[in-house]
Every structure is written in C-alpha cells, then in structure tokens.
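# Architecture and fold: a report
Listed below are the residues making up each chain.
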Protein chains: 4
Amino acid sequence: MERQIRTDLAVEARKLSQDTQGVDALPGVRAEERSQRGFHVTTVEILDGRGAEAIGKPCGRYITVELDGLMRREENAFSNAASLLAELLRGLVEFSAGSSFLIAGLGNRGITPDAVGPETVDHVLVTRHLKEKLPEDFAAFRPVSAVCSGVLGTTGMESGDLVRAVAEQLRPSAVFAVDALASREPGRLCRTVQIADTGIVPGSGVGNARKALNRETLGIPVIAIGVPTVVDAGTLALDLAQRSGAELDPSGFGDVGSMIVTPRDIDKNVRDISKLIGYAINLALHDGLDISDVDMLLS
Amino acid sequence: MERQIRTDLAVEARKLSQDTQGVDALPGVRAEERSQRGFHVTTVEILDGRGAEAIGKPCGRYITVELDGLMRREENAFSNAASLLAELLRGLVEFSAGSSFLIAGLGNRGITPDAVGPETVDHVLVTRHLKEKLPEDFAAFRPVSAVCSGVLGTTGMESGDLVRAVAEQLRPSAVFAVDALASREPGRLCRTVQIADTGIVPGSGVGNARKALNRETLGIPVIAIGVPTVVDAGTLALDLAQRSGAELDPSGFGDVGSMIVTPRDIDKNVRDISKLIGYAINLALHDGLDISDVDMLLS
Amino acid sequence: MERQIRTDLAVEARKLSQDTQGVDALPGVRAEERSQRGFHVTTVEILDGRGAEAIGKPCGRYITVELDGLMRREENAFSNAASLLAELLRGLVEFSAGSSFLIAGLGNRGITPDAVGPETVDHVLVTRHLKEKLPEDFAAFRPVSAVCSGVLGTTGMESGDLVRAVAEQLRPSAVFAVDALASREPGRLCRTVQIADTGIVPGSGVGNARKALNRETLGIPVIAIGVPTVVDAGTLALDLAQRSGAELDPSGFGDVGSMIVTPRDIDKNVRDISKLIGYAINLALHDGLDISDVDMLLS
Amino acid sequence: MERQIRTDLAVEARKLSQDTQGVDALPGVRAEERSQRGFHVTTVEILDGRGAEAIGKPCGRYITVELDGLMRREENAFSNAASLLAELLRGLVEFSAGSSFLIAGLGNRGITPDAVGPETVDHVLVTRHLKEKLPEDFAAFRPVSAVCSGVLGTTGMESGDLVRAVAEQLRPSAVFAVDALASREPGRLCRTVQIADTGIVPGSGVGNARKALNRETLGIPVIAIGVPTVVDAGTLALDLAQRSGAELDPSGFGDVGSMIVTPRDIDKNVRDISKLIGYAINLALHDGLDISDVDMLLS
C-alpha cells in the first residue's frame, strides 16, 4: 500500500494536489484569501467533478480561518474570532420565520483530541424546550437542540445513524455538525477552523455515502465545522522525509502507522477552541446576543 | 394542594390503595408473592380499567424483586440475583430468529440518584455493530444497541423523543428502558427492582401520553426496569406523621417539598445495582452466557 | 441509643440548647444578628467551657450568612455575597508582608453532597508556584496553594493527616478548610455558609482531637468554611415528630438511620455555592481584585 | 540549541550512547537480557559516575520489560505479566515485620498520556486504614497508602513536594512512584515498563536534585515504575531523518517542538497498562494473593 499524506482540510488538499501536479491552479476549483477581523480567511470552492476529483472532496464551499492571533491571546481575540466565525456561519445558512437548528457533536468525549464535538455542545445554548414551555420569554431565540453522537462501541450505532434519527424526529431547518479533523501541518493543530456547506462523513475523510450527513442523506443543509487536532504520524514522517529531500526508508515507518501527533497541551487547546465554536454558533443563531450575554446564559 | 404519598412502585401503590379503601383486594388487580432463587418476588397484575384507576398505573404486569440478600453480600448473591432478573426479563420478551433489542438508559448521569439508567448501559454488551462487521464471530449473540437519553436542558429534547427517534431508526424487536424511581419506603432504596411490560413515562410517575415509551407510541414492546433511589421528603414526612398517628402540622412541611431522601452511600449503591441490571440484561438477551463471560467481554 | 438532632451549625446548636433548657441565653455564649450587604448574618461566640459544653463545639467565633437573596437570583447577588464573605474572612485573618495561605478542600468529589470542598478548590486562584517563577508579574498576589484531601478508602490516610502533612511542608500563615456540613433545617441546605475561626474536625461534628485541623494541631490559624448540604433523615424524622407534638413511634425510624435528606437539584446547588466560596476566598486573599478579574484569571 | 533525541528509558539511552560513541560497551555500565515468564527483560546497571555520565541517569538498576505478548492478548498474558512485574518489584524491596508502603501516582489524570500514575493508584489495594481499624481481619496484608500528586497549576506545589510531605508524615519503608515516560521508539509506547531502584524526578528526564524523589531526599528507597506513553515529535523527526540518512533541514522542524506522538487508542492503552501495574504492586506487596483475589477486593 502506498503511503499518503492525509488531511481533512480542503485548503491543504488543494495545495497538495497543486504540488503533485506542478500547477498553480486546479480546474473546477476557485480559491480566495483575505483578512477579516484580523484573521486570515481562505475560501476554497469546489465547483464541479473535476475539482472534486483533484481535491478528493465533495463540491461546495470550504472556509478556513487561521486563529493565530487568538492563540497569542491578543486583546479581544476571543470576541473577534467568535464574531468572525458567527458571520461566516450566517453566510452559509438561510433564516426564515420558523427556522430551527440541530447541533451535532461528533466524536468521543473520552479521547481528548476527538472531543471537540461533544465539548462544543457544552457551550451551545439549547433553547428548543424553553421556547416550547415559555414561548414569550424566549421569543427572541431560535429553537436549537443538540445531540452528541457517542461512540460506536457503546451504542452499536454509527454516529451518522444517531444524528439522522434525531434530525428525522425533530425536522430542523439545518444541522451544524462539529467534529475533530486531521491536518497535514502540525502548526495548524487547534489553530484552524474549517467551515463547509458540504456536510460531513463522521470519523473519516474518506467517503462512505451511506454514512454521510449531508443534504442528500438528510434533506436539509448540513454545515460542517471542523478543527484539526491531530496529524497522522505516518503523514508527519512522510512529510518530513519529502521536505528533507530524503530517499524514503520505509522500514523506519512501520512503527508509526497507528500513532498520532498532537499538541502537548491538547486538553487546554480542545477546551478553548470548543468554547470558541460553541459561542460562535450561539452568536450566529440568535440575533442581538453578545459574548457577555452568552456567558450569563450558560452560567 | 393536598399532600400525597408518592411512589413509582406498583406494589406500594396497591398497598396504599388497599389501606385507603380499607380492603384486602382491589377489583381488576391480581397479586402473587413467591420466593425465587432465594429472593422475594411479588407480581402485581393490573387487569382492567378499574385496577388501573385504583393503582394509578396502566394495565400490565409489574414484577418486584427484593434484593436484601444481595445487599447483605451473601455468597453468590450477585450471580443469583442476575440470573433471577434475567429469567424474569426473558418471561416478558418473545425471541425469534431476527430479534434485536435497544437498551435505553433514562435519567441524568450527573445526578447520582438519577444515574441508574446511564450506568446500567455501561454494563450492557453492545453487539449490533459487531454482528454487522463480524457476523460469524458474533453469530451466537443477538444484536443489541444502546442509547442514553441525556438531559432535557442539554439536548432540548424530551428523553422519550430521543429514544423514539432511535427506535424508529433501528427498528428493534423490543426496547428495555431503565430508569430510577421514587418509592415510599426508605428501606426499599437501591434494594428493589421493578420490571414491567407496560413501558414507561420518563421522569415521572404521572401520565403524559405523548411522552410515554410504550407499545402504543413505539409499536413494539417496551420493558421497563426501574430501581427506587429516592423517597420524596414530603412523602417521608407525611408517612412518619401518619405512622405516629399524629395530627399533621402542615407548617412543618414547607421546607421539605423540594427535598429528597436517599441513602448516605448512594454512589456505591447505584454503581452496584446498575451493574446487576446490566448483567441481567446480558444474560437475558444472549443464550449460554454466564457471569464470567460477561466479565471478560466487558473488560 | 437515644436519637438526637444532629447539626454542624453553631447557630442551630445554640437554639437547640436554648430550647432544651428552656432559656433565652446560654452562659458563656454571646450571639448577635445583623444585616450586612443585604444578607442576614449571625455571629455566635463561644466564650468559655460552659458555652462549649452547652453548644457542643469548641470556643471561638462562628459566623453564619444566609444567602436566600442569592438563591432567588437577585441582581448582583453573587457579587454582593462574594464580597460579604470576603469581608468576613478578612476579619478572621491577619495579613503581613510574607503571609501565605493553604486552601484545603475536604470531602469526596465523587459524592455530590460531599463535594463542596473539592469543587471550591476548582475556583481558587493558586498562585504559590507562579510567584516563585514570575515574582514580578505576580507581586500583587499573595502565595496561595491548595490541596484536596481525597477519600480515606483511596488514600489510606485521614483527611486531616494529609492536610497536616502539606501544611507542615509549606508552612502557610493560615489554612482555610472548606467542607460540607449537616444542618437541622432543610431550608438551610446550600443556602447558608458558616465561617469559624475554630478549625474543623473533618468528616464529623463530633470531636476526635487527634484528627482535628486547628491551631493546636497545626500551630497556625485554621479558618473553617462550611455549607450544610444534608439533613440526617433521622434528624428530620425526629424534628417533624417533635414539631407535630407527636408521641414518637420509634419503630417507624428504623429505615431512615442511614438516609440523608438533600435538595433535588443538589448538583447545581453545590456547583453554585462552591463557586461563590472560591471567589470569596480569592477576593479575601488578594487585594484589589473584583469578580471579573477572577473570571478572567480562572478562565 | 542543538536538537536531541529524548528518552526516559535507560535501555534506549544506553543504545544511543553506544551508537554515538561507536562502541559495543560503555564503561561503568552492565547490561543483561533474558526471557522471563515469556517476556523479554533487560537489566541495565549504572555502576559508577562514568556510566551515569554516559547514559545521563543516576546510578542504579533499571529493568525493562517488553509486554508485546500482552498486547497481542495471548492467553494468561495479563496474569503472567502481573506476576513477572511483581517478582521484579519484590527483588528491589526488602520486607520486614513492620514494612509499610506508599504508592505515589505522578502525572495529570486529565491528560490521557500523563495519567498512568493516577490510574494505577485506582487499582492499588489501600490497606493502611483498614489495618488500623480491623487489625485482625487484615493481618495478612501490609499497610499500603496512596497519594496522587495532582497538577502544579491546581495545587501550587511541585509533585515531589506533595509526595515528600506525605512520606514524612506516614514514614513508610519505601515509596513506589508511578509515572508516564517519554521513549524514543514509537513501538515501545504503552508496551514497555521500566522499573528502577533509583527514584524519580517527576515530570522530566533531566535532573533537578531538589525536586527528586529518591533515597537522598526521602531517606527511604524509592522504586520508580514508568511507562512510555509519548515520543517527542522532535525526537521522532530527528530519528526518522537519521535513519533515512538524510541531511537535516531544520526549517521543517519548527512546528513539531511542542508536539507529542502517541498511540491513536491511547486511552485504552493507558487504562490497560495502569491496571497491570496496579495489580503487580498488589501481588508484590501482599503475600499469597492471586489475580482473582485482587479482582474481588477491588470490586
């Protein structure tokens, strides 16, 4: 089996494909970079089948935000980053009078690098039941429900099956699915957020149509929010070898196939970025909230 | 508002109704007591509407097992109790070639007296996904999946809604719904298990048909497994007053309305009895297993 | 054995003793009530051996704050209550140039009503190591360390032994020992804080001099901060019987001896009041902090 | 700063030093390999200052056990491995009539690869308090106490300070200090145990005499038990580069300095090996126990 660089980020997959093909642009792919609220934002649009094949991902819009300022703990960085992500999320959703939303936290709360989804859900304002019981008090809020998909070994169900079951029961206008990703670059770990309007295949970057959460399987838009928390150790090894221009000695790679590379302080990183995403979702879905409102409502 | 004795146990509700009416038997109710594998077992059958009204519970069979021997840590008590509960559960279920089961852990893992459901699920052998992937290795097992309903405030969904969503997705032959109950007698706390073929109304002994998990709402049998873990402090107060033949001084009761009575070592009690119920479910659903097999498969 | 009303609160023990003796004042005891920052504050001073015997507690000052306004979620209630408790704590401590402090969280994190101590520690600003490493950045802070005593069954050591070991190693100027208490009145649960300059006997209201944490055993002041989270069910039963003027029927009490009465939403209550105490300790020990500073430093 | 291969394992450090110096033997170092109970066991003895300098570790005996059979889930592997480790531990300890022991779980329970120490303590039979209270029932057991050192940021104390405080209070005959380590080889992660009679410097392979837990600082033998759970990503990168004979391109390394390499299923690995070490300690310290006794006593 040929070893491959693995990444769940469209922005990295595009670069890989360009490098491999020795080109500056890929047919069927449009990319744009900009600075927004002080953060570097890249949009990769996969326009058609040629782009999808070149990048290995379904057609749609993938927006990547780099949060380095946040990690340097610049003043107002949390507030700015949450507002930026909220704006970007609003750009992918259509609101109408009866809009309602389901937030799906994918991944395993017991494995830190896989806990971004469940930990994000801890910071989401869940309002569906409150609007039903106290409709006047919560008139200003949209109905939001949340589900954590849990772990296959303890439910017997694929993550996608559980989220689909809940979506079919609740009939929300859209699903926001939050999951941990793998990236190629160690420097991106817990510092990048990818938002996509393409849905998500839980637990894997490779396609298995039956398990996907997307408009085809659910009948409603599925916004994927992902954070890279690991690099495959095999990817890191391959990458280092290529950068060094080294002849690969495959025998040295046997051990690392089942290993991951992750930040030393992964627990704090996951906690921080999960809070950021949760707050961004709240700001995106309810009009007129600010950070301190969310602080108070979640306390 | 008139204060009332609250209990989720049919065996206690029957006694209350008999005492109130001053009778030894209730129309539409049949009761039987016996000793089985060294434990005291009571079956209360509510046969018709008269019985349902007298006892305040839907028609069906309610089997109560008293586990005092277990709590005195008699030899083989765990094994005997698990085998007994497994036999009783098998008596409420029909097996056929393609039978499959969903175990629903109701209640809140974060509140010890309410954690019996989720903690039981931790001890259930979940096999559905294994049978799909390794059908030959798991030929001897029936497909079992599991779901914990979570907490309204964190999902926005009633427990019943989530379990119903999953049941509609997976189409099991039957659901086992495990929940904590309230009893009248402090001496029953964590020492009694009630099994019923009537389904369950999560979170409450009082009816709300829309929220129920039963054959009417799910279209399949729902076996309820409940353990009393609390006595309402108001019930305790009322009960003590009645036993003492005292004139009630209602002013003394104001404080206790939002209080519960629970064993001092509730955490260990809930852990132990949740394990017992999980093991009993495993023995009931898979042929030829014994306790040590379950130990090994869960480790 | 004669059944007795059990309480760890000096204010309740004084009232009990007065009622039993049929007097309005106890020799060797001075009490005073006042309103401070909108809260009801009672100080009971046990002045000598006569008072100590009457109340069953060592000589010293016991200050009780009733937090009902907090629980009704009045505006600024958290801030006012934290400021009040901080003032009261400061009144029991002497500060000098080199003052340092050890916060001891007593009790068992795994049992909700016993978790006030460990959960309070989660909200304490621990600064000792920071002052050592970055003395200039943390010049404005006093050195504070913290320890949770854990559970006898998992350490093999009494709580007091562990705290004493740490105190002897670190040589702080004073210890603040936080623990859950038992009260007589259900209405006080999680709504009252008792602060005392007498030290504490972990895990019990009854004396065992060897295990005590106080000036005699540690050689430094020990400030006890306690919150009632349970009423003994036996105490509740006895109390209700006495209030109803009933003849006691002791046979009805057998079941409740190992039971506790606790609020239905004990988990949220313990979380809230532990945060309050942690914040109060921070405001007491570091000059010039306000609530939002603590929010930021703990985030 | 020159990049270096980092390892906490004497067996790897010896090999590194031999390779660097191009020699087959190091002065002041004696090594021996053997098979014992089906496991590969290597003993490295650092005899004097020359050996200590060559290997970068204090004088003493370092025994490494490779547990590959365990990880392949061979029959009786757990029992064999626990018995082997117990034998090796007994070889480093002297027992007398009044021997007592303190087990110190170093590391941070909240960070999975650092949780080996605290999770091991969960499987240790703590008997000190039981022997005091029920001396006859526990006559066959030696007094064992346990402490988890917690995290600097939440205690304000170095791990070593807390363990030293407890050791000075309890005066055990010896301390067993359990900690997670870093290795060079990814293939060793969670598959190797190093036992040493040299004590330990918590949190680091590099020396800081004041913080060490050893005979010099505690006055009693300190047996270190360590399990490698991470490889520094910088070490992995350097190692791969060296193996490939590549010219190093240092610019490619900038990102990985704060990264670790760890098994994908680190949570299960840590859980399993912590249980193994806990059981081995129990078998070593109490005569005549077998695995099933420990199962029962811990349940």
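Our structure's up above, just so we're on the same page.
These lines cover the structure that appears in this document, whether it is placed above or below. (Residues numbered from 1 in each chain as written. Chains lettered and ligands numbered in written order. Predicted model: local features only at pLDDT ≥ 70, side-chain atom pairs only at ≥ 80, totals over all residues. Heavy atoms only, no water.)

### Comments concerning the overall build of chain A
Within chain A one finds twelve helices and nine strands. A compact globule built from 299 residues should have a C-alpha radius of gyration of about 19 Å, and chain A, at 19 Å, falls within 12% of that. The principal-axis extent of the C-alpha atoms belonging to chain A is close to 70 × 45 × 40 Å. Put simply, of all contacts in chain A between residues at least 6 apart along the chain, 71% involve residues at least 24 apart. Summing over all exposed atoms, chain A offers an accessible surface of approximately 12500 Å²; the carbon and sulfur share of this is 47%. (Helix = DSSP H or I, 4+ residues; strand = E, 2+ residues; numbered from the N terminus. Rg over C-alpha atoms; globule rule 2.2 N^0.38 Å. Contact = heavy atoms within 4.5 Å. Areas by Shrake-Rupley, 256 points an atom, 1.4 Å probe, with all protein chains shown as cover.)

### Here's the deal with the nonpolar core
Residues Val166 and Val175 of chain C together with Val166 and Val175 of chain D are the most contacted members of the largest nonpolar core, which totals 62 residues. Those residues within four positions of Val166 of chain C in sequence are excluded, and the remaining contacts are Leu102 and Val147 of chain C together with Met157, Leu162 and Ala165 of chain D. (Core = buried A, V, L, I, M, F, W, Y, C linked by side-chain atoms within 4.5 Å. Buried < 20%, exposed > 50% of the residue type's maximum accessible area, 1.4 Å probe, protein only.)

### What to know about the pattern of salt bridges
In total, this model carries 76 salt bridges over all chains according to the counting rule given. As a salt-bridge pair, Arg191 of chain C and Asp68 of chain C come within 3.1 Å of each other at their nearest N and O atoms. Remark: Asp68 of chain C occurs in helix 3 (residues 68-71) and Arg191 of chain C occurs in the loop between strand 6 (174-182) and strand 7 (192-196); sequence separation between them is 123 residues. By relative accessible area, Arg191 of chain C is classed as partly exposed at 33%. In this structure, the salt-bridge partner of Arg164 of chain C is Asp161 of chain C, at a minimum N-O distance of 2.6 Å. Of this pair, Arg164 of chain C and Asp161 of chain C both sit in helix 8 (residues 159-170), three residues apart, roughly one helical turn. No difference in accessibility class separates Arg164 of chain C from Asp161 of chain C, as the two residues are buried. Beyond isolated ion pairs, a larger network of salt bridges with shared partners links Arg6, Asp8 and Asp232 of chain A together with Arg264 of chain D. (Salt bridge = Lys/Arg side-chain N within 4 Å of Asp/Glu carboxyl O.)

### A closer look at the relation of the copies chain C and chain B
Of the transformation placing chain C onto chain B, the axial shift is 0.0 Å and the rotation is 180°, giving an RMSD of 0.0 Å. Such values leave the two copies arranged in the relation of a two-fold axis. Rotation axis and chain C: the residue whose C-alpha lies nearest the axis is Val261 of chain C, separated from it by 2.2 Å. When you check the interface residues of chain C against chain B, 100% turn up at the interface there too, and the contact is symmetric in its surfaces. (Least-squares fit on C-alpha atoms with pLDDT ≥ 70 in both.)

### What to know about the packing of helix 11 (residues 266-285) of chain B against helix 12 (residues 291-298) of chain B
All names here are of chain B. Two numbers describe how helix 11 lies on helix 12: the axes approach to 10 Å, and their chain directions differ by 110°. In terms of orientation, helix 11 and helix 12 fall into the roughly perpendicular class. Residue-level inspection shows Tyr279, Asn282 and Leu283 of helix 11 in contact with helix 12, the latter providing Ile291, Val294, Asp295 and Leu298. Considering only residue class, the contact of helix 11 with helix 12 consists of five nonpolar, one polar and one charged. (Axes fitted to C-alpha atoms, helices over the stretch in contact; angles between N-to-C directions. Parallel < 35°, antiparallel > 145°, perpendicular 65-115°, else oblique. Nonpolar A, V, L, I, M, F, W, Y, C, P; charged D, E, K, R; others polar.)

### Topic: the interface of chain C and chain B
Of the residues lining the interface, 30 residues belong to chain C; the matching set on chain B comes to 30 residues. Summed over both sides, the interface between chain C and chain B buries roughly 2500 Å², with carbon and sulfur atoms accounting for 59% of that surface. Together, Met259, Ile260 and Arg264 of chain C form the three largest contributors to the area buried by chain C at its contact with chain B, with a combined 24%. Between the two partners, chain C and chain B, sit two salt bridges. Note that Asp232 of chain B and Arg264 of chain C form a salt bridge whose closest N and O atoms lie 3.1 Å from each other. At the surface where chain C touches chain B, the tally comes to six residue pairs in polar contact (both at pLDDT 80 or more). For the side of chain C that touches chain B, the elements supplying multiple residues, two or more each, are helix 10 (233-243) and strand 9 (259-263) of chain C. (Buried area = accessible area lost by both parts, 1.4 Å probe. Polar contact = N/O pair within 3.5 Å; in protein donor to acceptor, adjacent residues only side chain to side chain.)

### Topic: the side chain of Asp232 of chain B
With respect to the helices, strands and loops of the structure, Asp232 of chain B is situated in strand 8 (residues 222-232). Take Asp232 of chain B: its relative accessible area is 14%, and that puts it in the buried class. A polar atom in the side chain of Asp232 of chain B sits 3.1 Å from the side chain of Arg264 of chain C. With near-sequence residues (within four places) excluded, Asp232 of chain B lies in contact with Arg6 and Met259 of chain B together with Arg264 of chain C.

### Considerations on the packing of aromatic side chains
Applying the stated criterion across every chain yields a total of 16 aromatic pairs over all chains. Geometrically, the ring pair formed by Phe138 of chain A and Phe141 of chain A is tilted, given 5.6 Å between the ring centres and 50° between the ring planes. The same class applies to Phe138 of chain A and to Phe141 of chain A, which are both buried. Ring geometry for Phe101 of chain B against Phe176 of chain B: centres 5.9 Å apart, planes inclined by 90°, an arrangement best described as edge-to-face. With Phe101 of chain B in strand 4 (residues 101-105) and Phe176 of chain B in strand 6 (residues 174-182), this pair connects stretches of sequence that are 75 residues apart. Here Phe101 of chain B matches Phe176 of chain B in class, with each residue buried. (Phe/Tyr/Trp six-rings, centres within 6.5 Å; stacked < 30°, edge-to-face > 60°.)

### Some points on the packing of helix 8 of chain C against helix 8 (residues 159-170) of chain D
Between two packed helices, both the angle of their axes relative to each other and the distance between the axes serve to describe the pair. With their axes 8 Å apart at the nearest point, helix 8 of chain C and helix 8 of chain D run at an angle of 115° to one another. When the axis of helix 8 of chain C is compared with that of helix 8 of chain D, the two are roughly perpendicular. The two elements helix 8 of chain C and helix 8 of chain D meet at a crossing, and its hand is right-handed. Taking contact as the criterion, the partners of Asp161, Leu162, Arg164, Ala165, Val166, Glu168 and Gln169 of chain C in helix 8 of chain C are, on helix 8 of chain D, Asp161, Leu162, Arg164, Ala165, Val166, Glu168 and Gln169 of chain D. When the residues that make up the contact of helix 8 of chain C with helix 8 of chain D are grouped by side-chain class, the tally is six nonpolar, two polar and six charged. (Left-handed = near helix turned anticlockwise from the far one by under 90°.)

### Comments concerning helix 10 of chain C
Burial runs high along helix 10 of chain C: nine of the eleven residues are buried. When helix 10 of chain C is considered as a whole, its buried residues turn out to be Ala233, Gly234, Thr235, Leu236, Ala237, Leu238, Asp239, Leu240 and Ala241 of chain C.

### Description of unusual backbone geometry
Residue and element names in this part refer to chain B. Within the chain, Arg37 stands out as a residue other than glycine whose phi angle is a positive 50°. Looking at the secondary structure, you find Arg37 in the loop between strand 1 (29-36) and strand 2 (39-46). The partly exposed category is assigned to Arg37, whose relative accessible area is 43%.

### Structural notes on the state of the cysteines
Note on terminology: disulfide describes a covalent bond linking the sulfur atoms of two cysteines. Residue and element names in this part refer to chain A. This model, assessed by the stated rule, comprises zero disulfides over all chains. Of the cysteine sulfurs around Cys190, a residue in no disulfide, the closest is that of Cys148, at 18 Å. The class for Cys190 is buried, based on a relative accessible area of 1%. (Disulfide = S-S within 2.5 Å.)

### A short note on the pairing of strand 6 of chain C
Residue and element names in this part refer to chain C. Burial of strand 6 is extensive: nine of the nine residues sit out of reach of the surface. The two faces of strand 6 match: Ala174, Phe176, Val178, Ala180 and Ala182 on one face and Val175, Ala177, Asp179 and Leu181 on the other face are all buried. Both strand 6 and strand 8 (residues 222-232) contribute to a ladder of eight bridges, which runs parallel. What sits directly across from Ala177, in strand 8, is Ala224. (Pairing = 2+ DSSP bridges.)

### Topic: the arrangement of the chains
A gap remains between chain A and chain C, with no contact made and the closest C-alpha atoms lying 9 Å from each other. There is a gap between chain B and chain D: no contact, and a shortest C-alpha distance of 9 Å.

Any functional reading would require information that these geometric values do not contain.
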